[in-house]
Amino acid sequence: IALFGLEHPVMARPGFKRVWTRSVPKELERSLYVLIASAVLALLIWQWRPIPTPVLWHADAAWTVALGWSVMVLGVVVLLWATFLIDHFELFGLRQGWSTLRGGELRGPAFVTPYLYKIVRHPLYVGWLLIFWGTPTMTAGHLLFSVGMSSYILLAIRFEERDLVEHIGEPYRQYRERVPALVPRPTRRSRARKLA
């Protein structure tokens, strides 16, 4: 978990990218980042050793089992939806490679806030958190994994937002003031309805 948590924030920083793209073609930088992150994740999965006890919670009733799995499935849906909202293929480095093969120029993604991004600033991370924590059975090992990965997410948000403010500037500052990071808050319209 520590290796995954270190690799991501280091390789995603603009300073690292500037140094790395001196020896790696710019159009391959994102694809290689995703490949290395996937390899580290595969290593984590391969080397993971279950810690089955103690069991912190275990759903016995059918509705509680369904609830646990539903939260996890909701996380997968939110995660995938969020990737396609901001350009799934750019996120994984595929658009950069394809554009270069076709003789196009590399352009950075535009700052957009479609659908989920109007509700929370980091719907990708919300999806992951729902996947980590939505489970009918929480063992000590699952808790260790969930806490470790959730800690990484909270740390990543700090670095990522610092870079976004530096890169985008005032539009991102205003967006950050207007939209919560992970937990949606009631809109003015829904609050007005409650008061009426």
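As the structure is a prediction and not an experimental result, all values here were calculated from the model.

Draft legend 1. Examining the packing of helix α4 (residues 62-85) against helix α8 (residues 123-133) more closely. Here α4 crosses α8 at 160°, and the two axes come no closer than 7 Å. With respect to α8, the axis of α4 lies roughly antiparallel. Between α4 and α8 lies a crossing of left-handed hand. Side by side, α4 and α8 meet where V71, M72, L74, G75, V76, V78, L79, A82 and T83 of the first sit next to P123, L124, G127, W128, L130 and I131 of the second. Classifying every residue of the contact of α4 with α8 gives 12 nonpolar, three polar and no charged.

Draft legend 2. Region of the structure containing the confidence of the model for the protein. Averaged over every residue, the pLDDT of the protein is 85; the share at 70 or more is 89%. Below a pLDDT of 50 lies the segment residues 190-196, which in the model reaches one contact outside its immediate sequence neighbourhood of four places, other chains included.

Draft legend 3. The arrangement of the environment of Y33 in detail. Considering the arrangement of structural elements, one finds Y33 in helix α3 (residues 26-47). The exposure class assigned to Y33 is buried, which follows from its relative accessible area of 8%. A C-alpha to C-alpha distance of 8.0 Å links Y33 and A12, two positions 21 residues apart in sequence. If we ignore the near neighbours within four places in the chain, the residues touching Y33 are E7, H8, M11, A12 and W20.

Reading guide: rules and limits
Residues numbered from 1 in each chain as written. Predicted model: local features only at pLDDT ≥ 70, side-chain atom pairs only at ≥ 80, totals over all residues. Heavy atoms only, no water. Axes fitted to C-alpha atoms, helices over the stretch in contact; angles between N-to-C directions. Helix = DSSP H or I, 4+ residues; strand = E, 2+ residues; numbered from the N terminus. Parallel < 35°, antiparallel > 145°, perpendicular 65-115°, else oblique. Left-handed = near helix turned anticlockwise from the far one by under 90°. Contact = heavy atoms within 4.5 Å. Nonpolar A, V, L, I, M, F, W, Y, C, P; charged D, E, K, R; others polar. pLDDT = per-residue confidence, 0-100. Buried < 20%, exposed > 50% of the residue type's maximum accessible area, 1.4 Å probe, protein only.

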